[in-house]
Every structure is written in structure tokens, then in C-alpha cells.
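This is what each chain is made of:
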Amino acid sequence: MNRDHAIGLLDSGVGGLTVVREIFTQLPAERIVYFGDTARMPYGPRPHSEVRDFARQIIRFLTTQDVKLVIVACNSATAAGLPYYQGEYDLPVIGVIEPGVRAAVRHTKTKRIGVIGTQGTIASNAYEQLIKHYAPEVEVFSQACPLFVLLVENELVDTPEALCVAETYLRPLKDAGVDTLILGCTHYPLMSHVIARVMGPEVKLISSAEETAREAHCILQKMDLQQTKTTTGLRHRFFVSGPPAGFVRIGRKLLELEIEAYQVLLP
Ligand code: DGL
């Protein structure tokens, strides 16, 4: 591993691009290799063991691409087995759950934190356990929002239907009086304006992307692997398991970059 190697990221689809966007802001000299498992998306309703196998397969692929750090930019895959992935390779592997939890615990005043995520993430209780670990006095209110991922991937976020779905899912959290809401799925920042509209301005939305990028920065610094030379036209690489068109369209808009994506058929 050396400084010129890339940061590898994976998600079921476009969600992890919210972490990429933050990497571009905080670590502009770094090159990234991204894998979106669009053919098998959504991960949320799948059993943990299956999501874990998918993530392992993708991490194996990323390790063939000269990466120095892997970010599991997917809450469902993080909840399904981060310690497994960490134990398998010599390179650092980080997830997106712990960084978001730390930010939420720091922010809450009322000690009432809401968590939204996929069915898999919410069922795992990973957020609740970690919040209680950092701040046992905090009350946690969790809600699975399975349709959000499909709204994002199908570019239906700015529709009346999306607002209606958000109102239905978020009502119990609003009623519970949370002052902080963790967007426990990397797809959700892509519809944060809809979520904010329902929750109101007094509720702080926490996206783990920012905190995760910060953690990546710390790890690279500590390992003396941070890229220091700035090169123009970095050759980022994007791979998907399904047809690339939709991914590329959303990715270009989100990253404001003319990305291309290549389809890789996983066994
Ligand atoms: N973006 C992912 C997450 O953070 C996966 C969503 C899905 O595929 O259900 O959980």
C-alpha cells in the first residue's frame, strides 16, 4: 500500500456517493474507486448473511484495484458485518454507523435521538446499541423507511408521493419530539430536503458522510498514507453490477463531475 493507492467505497447503489462527495471536499487529493451493487439493490430487505456475502465479494474486488482503505459506505452492509470485513484483510476497513452516532450524541440537547434506516439496519439495532454505549441516558426512536431507497434510485424524490411517504414514515419520530435525526442510510441525504420539510427546522439531520470522511482522513494520516500531491483530473473509477445509465446520471448531478461507470458482473 502506498499514498498513490485509492480509497475504495461500496454501496448497493448511489447512496455511497454521498460519502464520495464528502471525500472530494475533505480530501480532494485522494483518488477513489467506487462499487455500486445496483443489480442487487436494495440491500435493506435482504437477510444479514446475504448482505454480508455481497459486501465481502465487493471488498475482494476492490482489493484488486490498488486501494489503501475501504469505506463500507452502506449502513445495511456495515450493520450486517463490519467486524467480519475488518478481520479479513490487512488494510483498514471502516463503516458509516459509528461516525454518525458520535455526531448525533454530540448534538442532542433533549436526549431524544431518532434513527431512520433500511429494514436490515433498523432490525440489527446497531444504532441503538452504539448510541446507548456512548450516551446511556439518550432515548432512541427508530423507524425503517424502506421506500426511500427506491425513491432515490428511481429519481422520484421531488414528487408529491415522496413527500407523502416521508410524512407517513416520519410522523412517529416527530411526535416523539426528537431534536436530532440520524439519516442511517447513505441514500437518505439525497432526499434530505424532503425529510427536513417534514421534520421542521428545529430538528438537526445527521448524515454520517461528513464524519466518515473525517475518520478516513485521520486513519490515512495516522498510517502516513495520505495523498499529498494534488493532481488535476484524478482518475476516479466507478463500477456497477447493473446497467450504468441511471447510476451515471445521478452520480454526475450529485458529484458535479463527468463520471463514467463500468459494469462488472460479480459471480
Ligand atoms: N445505502 C444503503 C444503506 O446505507 C443501502 C440501501 C439499500 O440498498 O437498501 O443502508
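Quick caveat, the model's predicted, so the values are computed rather than measured.

**Q** Quick rundown of the overall build of the protein chain? Include the residues and the values.
**A** Looking only at helices and strands, the protein chain features eleven helices and ten strands. The C-alpha atoms of the protein chain give a radius of gyration of 18 Å, which matches the 18 Å a tight globule of 267 residues would have. Looking at the 267 residues of the protein chain, the share that counts as buried comes to 57%. Taking the intrachain contacts of the protein chain between residues at least 6 apart in sequence as the baseline, contacts between residues at least 24 apart amount to 75%.

**Q** Mind laying out the sheet that holds strand β3 (residues 67-72), listing which residues take part and the relevant values?
**A** Spatially, the six strands line up as an open sheet ordered β4-β3-β1-β2-β9-β10, and their pairing is parallel. Among the strands making up the open sheet, the edge pair consists of β4 (93-94) and β10 (262-263). The pairing of strand β1 (residues 6-11) with β3 spans five bridges and is parallel. Looking across to β3, one finds that Gly-8 is bridged to Val-70. Contacting β1, β2 (32-36), β3 and β9 (237-240), helix α1 (residues 17-26) crosses the sheet at an angle of about 170 degrees to β2.

**Q** Lay out the packing of aromatic side chains in plain terms, naming residues and giving numbers.
**A** What the rule picks out here adds up to eight aromatic pairs. Judged by centre distance (5.7 Å) and plane angle (35 degrees), the rings of Tyr-34 and Phe-247 are tilted. Of the two residues, Tyr-34 is situated in strand β2 and Phe-247 in helix α11 (residues 245-255); the sequence distance between them amounts to 213 residues. Across the pair, Phe-247 and Tyr-34 agree in class, each one buried. Where Phe-238 meets Phe-247, the ring centres are 6.4 Å apart and the plane angle is 55 degrees; that geometry is what we call tilted. Of the two residues, Phe-238 and Phe-247, both sit in the buried class. An aromatic cluster of three or more residues is present, and its members are Tyr-34, Phe-238 and Phe-247. Above the face of the Phe-54 ring, Arg-40 is positioned so that its terminal group lies 3.8 Å from the ring centre. Sitting above the plane of the Tyr-84 ring, Arg-52 keeps its charged end 4.4 Å from the centroid.

**Q** With reference to specific residues and values, describe the environment of Leu-156.
**A** Considering the arrangement of structural elements, one finds Leu-156 in the loop between α7 (146-153) and α8 (160-175). A C-alpha to C-alpha distance of 22 Å links Leu-156 and Ser-241, two positions 85 residues apart in sequence. Once residues lying within four places of it in the same chain are set aside, the contact partners of Leu-156 are Leu-151 and Ala-162.

**Q** Tell me what's going on with the environment of Glu-215, and back it up with residues and numbers.
**A** Tracing the chain through its elements places Glu-215 in helix α10 (residues 208-222). Residue Glu-215 is classed as partly exposed on the basis of its relative accessible area of 22%. Sequence-wise, Glu-215 and Asn-154 are 61 residues apart; in three dimensions their C-alpha atoms are separated by 31 Å. For Glu-215, the contacting residues outside a window of four places in its chain are Ile-94, Pro-99 and Arg-102.

**Q** Help me get a handle on the layout of surface pockets, residues and values and all.
**A** Of the volumes computed, that of the largest pocket is approximately 320 Å³. Lining the largest pocket are 13 residues, with Val-157, Asp-158, Leu-190, Ile-250 and Lys-253 positioned closest to its centre. Split by residue class, the lining of the largest pocket holds seven nonpolar, one polar and five charged.

**Q** Report on the sheet that holds strand β7 (residues 180-184), specifying residues and quantitative values.
**A** Taken together, four strands build an open sheet; the order of strands is β6-β5-β7-β8 and the sheet is parallel. Of all the strands in the sheet, just β6 (139-144) and β8 (204-207) have a single pairing partner and so form its edges. Strand-to-strand twist in this sheet, taken as the mean axis angle between neighbours without regard to direction, amounts to 25 degrees. Pairing of strand β5 (residues 112-117) with β7 involves five bridges; the strand directions are parallel. Opposite Val-115, over in β7, you have Ile-182 as the bridge partner.

**Q** Give me the lowdown on the site of the ligand, citing residues and values where you can.
**A** Lining the immediate environment of the ligand, one finds 13 residues, of which Ser-12, Tyr-43, Asn-75, Ser-76 and His-187 sit closest. In this structure, Asp-11 approaches the ligand through a side-chain N or O atom, which is 2.9 Å from a nitrogen atom. His-187 places a polar side-chain atom, nitrogen or oxygen, 2.7 Å from a nitrogen atom of the ligand. A total of 300 Å² of accessible area belongs to the ligand in isolation, and the protein chains cover 99% of it. Here the ligand is seated within the largest cavity.

About the thresholds
- Residues numbered from 1 in each chain as written.
- Predicted model: local features only at pLDDT ≥ 70, side-chain atom pairs only at ≥ 80, totals over all residues.
- Heavy atoms only, no water.
- Helix = DSSP H or I, 4+ residues; strand = E, 2+ residues; numbered from the N terminus.
- Rg over C-alpha atoms; globule rule 2.2 N^0.38 Å.
- Buried < 20%, exposed > 50% of the residue type's maximum accessible area, 1.4 Å probe, protein only.
- Contact = heavy atoms within 4.5 Å.
- Pairing = 2+ DSSP bridges.
- Axes fitted to C-alpha atoms, helices over the stretch in contact; angles between N-to-C directions.
- Phe/Tyr/Trp six-rings, centres within 6.5 Å; stacked < 30°, edge-to-face > 60°.
- Lys NZ or Arg CZ within 6 Å of the ring centre and 35° of its normal.
- 1 Å grid on protein atoms, 1.4 Å probe; cavity = no way out; pocket = protein on both sides within 12 Å on 5 of 7 lines; lining within 4 Å.
- Points joined across faces, edges and corners; volume = space filled by probe spheres on them.
- Nonpolar A, V, L, I, M, F, W, Y, C, P; charged D, E, K, R; others polar.
- Near = heavy atom within 4 Å.
- Polar contact = N/O pair within 3.5 Å; in protein donor to acceptor, adjacent residues only side chain to side chain.
- Areas by Shrake-Rupley, 256 points an atom, 1.4 Å probe, with all protein chains shown as cover.
- Sits in = over half its atoms within 2 Å of the grid points.

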